[in-house]
Amino acid sequence: MPHLHIKKFKKLEFPHSNGDVNFNFIASNANRDDEKLISTTIEDEDFFLLVREDEDKKLLKTDKLTRPSSTQKIHNALLSYAKEAKLEVLDSNVHHSIKNIHLEEVNSLKNIKFFADKFPDTDDVRIEVGFGSGRHILHQAKENPDILFIGIEIHRPSIEQVLKQINIQKIDNLMILDYDARLFMELIPSNIVSKIYVHFPVPWDKKEHRRVISTSFIEESQRVLKVDGRLELRTDSENYYAYSYETFINFPKISLEIKKNRDIVISSKYEDRWKKQEKNIYDVTMINELYSYELEIDGDFEFSKFLLSSVELLKLSGSTKKYDETFIHFERAYILDDGIMLRISMGSFNKPEHLYVIVRDKNISYYPKLPLKSKSNLLAHKFLNGVLNG
Ligand SMILES: C[S@@+](CC[C@H](N)C(=O)[O-])C[C@H]1O[C@@H](n2cnc3c(N)ncnc32)[C@H](O)[C@@H]1O
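Residues numbered from 1 in each chain as written. Predicted model: local features only at pLDDT ≥ 70, side-chain atom pairs only at ≥ 80, totals over all residues. Heavy atoms only, no water.

Trainee: Residue-level account of the environment of Phe217, with values.
Mentor: By the element assignment, Phe217 lies in helix 7 (residues 215-224). If sequence neighbours within four positions are ignored, Phe217 has contacts with Val129, Arg182, Met185, Ile196, Val198, Val212 and Leu231. (Helix = DSSP H or I, 4+ residues; strand = E, 2+ residues; numbered from the N terminus. Contact = heavy atoms within 4.5 Å.)

Laid out in structure tokens, this is it:
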């Protein structure tokens, strides 16, 4: 993660501009004085820089929730703040980097808004969840130039590596998304996907709610898959294999194919490692037999007029509201010069969305962007609107 290790944090007068970098306002954690967020805008992209002031170390870095798509922007913002506020930088992993030409030249990297605004118009898509080194999806995309491939990953170095390869190998049918694949599934139109690859997912033996395979992931997979479309799970974990099998067999209108130690065209980095250790590899393939209804997502993220006092609002911090199908957790509260900001997680239990809400002049808004327009977020929003209006 890019960061500057600084001697002492100094506050600028907000708003403040330096060329194309704008610092808009600062938000201070209401419950601890070692954390601040600086709202930053570069080329129409809004995000926060994070100030962490521990006793032994003071850091200026990027906020994970709102992190912009390019490392270049993060570097720019960090260096620009340090320069404008005259911070003394003790050390850092941020450089006045030369633009990464591979990232500059490819337009394969898409953000979630691209898919939420209008899903690409195609009737055959293949998806790989957690592509890692990308060996498999790069190979598949090259072998099938007429099919659109979408690779989803949350590990930034893997994404950058694959973007570089897309550029070098001039592949034009592969889109890359830096997002939680479990949330992305809710945006895909029904009946258009022919294959979903989930190869060597993290088993999360102690945190099952973080697993990719779950009842809701299978439900969404079945909806987006064409009839005869396939969800291919490949794992070295006997435990994950057994758990997935148990989860799959509860579904009607699917058939399952189970294989052990099957070789596939491309062996991934993980697969090579497990093979060396002579571990068993399991394939569970779900073949869909159901033609699904069209995806309908109705509703918006408007708030009604705000009624709670600032004190009542601050008291929400740390509390959780649970409902039958959704929840809202008020993680943290921040104080702004002219309002209050809340950091919230909400939505579905095993794949929540984390976001910020700002309350200013009796107006409430999500910041810096609206939640993803998914069924679970729209439902959570309805409850959040209720809570914030007493
Ligand atoms: C063990 S690696 C396997 C990588 C690759 N499929 C292979 O076979 O080498 C699992 C990958 O899934 C990614 N991942 C985990 N959870 C994810 C999620 N919810 N959405 C997208 N990617 C995820 C991780 O970042 C990691 O790169």
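Trainee: Describe the sheet that holds strand 13 (residues 225-235), with residues and values.
Mentor: Two modes of strand pairing occur in sheets, parallel and antiparallel, and in both the strands are linked by backbone hydrogen bonds. On the basis of which strands lie adjacent, the open sheet formed by eight strands has the order 8-11-10-9-12-13-15-14 and mixed pairing. Every interior strand has two partners, whereas the edge strands, strand 8 (109-110) and strand 14 (254-260), have only one. (Pairing = 2+ DSSP bridges.)

Trainee: Tell me about the packing of aromatic side chains, and please be specific about residues and values.
Mentor: Counted under the stated rule, the structure contains 18 aromatic pairs. Judged by centre distance (6.2 Å) and plane angle (80°), the rings of Phe25 and Phe48 are edge-to-face. With a gap of 23 residues between them, Phe25 in strand 3 (residues 21-29) and Phe48 in strand 5 (residues 45-53) connect regions that are remote in the sequence. Assigned by exposure class, Phe25 and Phe48 land together as buried. Plain terms: the ring middles of Tyr241 and Tyr282 are 4.5 Å apart, the flat faces sit at 10° to each other, and that makes the pair stacked. Of the two residues, Tyr241 sits in helix 8 (residues 238-248) while Tyr282 sits in strand 15 (residues 282-288), which places them 41 residues apart along the sequence. Each member of the pair, Tyr241 as well as Tyr282, is classed as buried. Members of the aromatic cluster, connected to one another through ring pairs, are Phe25, Phe48, Tyr334, Tyr356 and Tyr367. One residue, Arg211, lies across the ring of Tyr243, its end atom 4.3 Å from the ring centre. The lysine or arginine in question, Arg360, covers the ring of Phe25, its NZ or CZ lying 4.8 Å from the ring centre. (Phe/Tyr/Trp six-rings, centres within 6.5 Å; stacked < 30°, edge-to-face > 60°. Buried < 20%, exposed > 50% of the residue type's maximum accessible area, 1.4 Å probe, protein only. Lys NZ or Arg CZ within 6 Å of the ring centre and 35° of its normal.)

Trainee: Residue-level account of the nonpolar core, with values.
Mentor: Counting residues in each nonpolar core, the largest one holds 39 residues, and the members touching the most others are Phe184 and Ile196. Not counting the four nearest positions on each side in its chain, Ile196 is found in contact with Ile127, Val129, Met185, Phe217, Ser221, Val224, Leu225, Arg230, Leu231 and Glu232. (Core = buried A, V, L, I, M, F, W, Y, C linked by side-chain atoms within 4.5 Å.)

Trainee: With reference to specific residues and values, describe the domain arrangement of the chain.
Mentor: Interfaces are often sized by the amount of accessible area the parts lose when they come together. Split into domains, the chain comes out as domain 1 (3-92), domain 2 (108-288) and domain 3 (310-388). Here the C-alpha centroids of domain 1 and domain 2 sit 35 Å apart. Each partner contributes to the interface: domain 1 provides four residues, whereas domain 2 provides five residues. Roughly 340 Å² is buried in total at the junction of domain 1 and domain 2, and carbon and sulfur atoms are behind 26% of that figure. When the buried surface of domain 1 facing domain 2 is broken down by residue, Arg67, Ser69 and Thr71 rank first, second and third, together holding 91% of it. Inspection of the domain 1/domain 2 interface yields one salt bridge. (Domains from an automatic or database assignment. Buried area = accessible area lost by both parts, 1.4 Å probe. Salt bridge = Lys/Arg side-chain N within 4 Å of Asp/Glu carboxyl O.)

Trainee: If you had to explain the pairing of strand 11 (residues 174-178) to someone new, which residues and values would you point to?
Mentor: When you tally the buried positions in strand 11, you get four out of five residues, the bulk of the element. Relative to strand 11, strand 10 (residues 148-153) runs parallel, the two being bridged by five bridges. Bridge pairing links Ile150 to Met175 in strand 11. This β-α-β element, strand 10 to helix 5 (residues 156-168) to strand 11, shows right-handed connectivity. (Right-handed = clockwise from strand over helix to strand, strands pointing away.)

Trainee: I'd love a proper account of the pairing of strand 18 (residues 339-348), names of residues and values included.
Mentor: Among the 10 residues of strand 18, 10 are classified as buried, and the element is accordingly described as predominantly covered. Relative to strand 18, strand 17 (residues 327-336) runs antiparallel, the two being bridged by nine bridges. Among the inter-strand pairings, Ile335 is bridged to a residue of strand 18, identified as Ile340. Direction of pairing for strand 18 relative to strand 19 (residues 351-360): antiparallel, over a ladder of 10 bridges. Of the residues in strand 19, the one forming a bridge with Ser348 is Lys351. In this structure, the hairpin formed by strand 18 and strand 19 is closed by a connection of two residues.

Trainee: Which residues make up the side chain of Arg234, and what values go with them?
Mentor: For Arg234, the position within the fold is in strand 13. There is a polar contact of 2.5 Å between the side chain of Arg234 and the side chain of Glu271. Discounting residues that sit within four places of it in the chain, Arg234 has contacts with Val198, His199, Phe200, Pro201, Arg262, Asp263, Ile264, Glu271, Ile281, Tyr282 and Asp283. (Polar contact = N/O pair within 3.5 Å; in protein donor to acceptor, adjacent residues only side chain to side chain.)

Trainee: If you had to explain a nonpolar patch on the surface to someone new, which residues and values would you point to?
Mentor: A contiguous nonpolar surface patch, about 240 Å² in accessible area, is contributed by Tyr245, Ile249 and Ile258. By the element assignment, Tyr245 lies in helix 8. A relative accessible area of 31% means that Tyr245 is categorised as partly exposed. (Patch = residues over 30% accessible without salt bridge, like charges linked within 9 Å, V, L, I, M, F, W, Y side chains within 5 Å. Areas by Shrake-Rupley, 256 points an atom, 1.4 Å probe, with all protein chains shown as cover.)

Trainee: Residue-level account of helix 5, with values.
Mentor: Relative to the 18 Å expected for 13 residues at 1.5 Å per residue, helix 5 spans 19 Å between its end C-alpha atoms, a close match to the ideal helical length. Those residues of helix 5 lying buried are Arg156, Ser158, Ile159, Val162, Leu163, Ile166 and Asn167. The first or second residue beyond helix 5 is Lys170, which carries a positive phi of 50°. (Expected span 1.5 Å × (residues − 1).)

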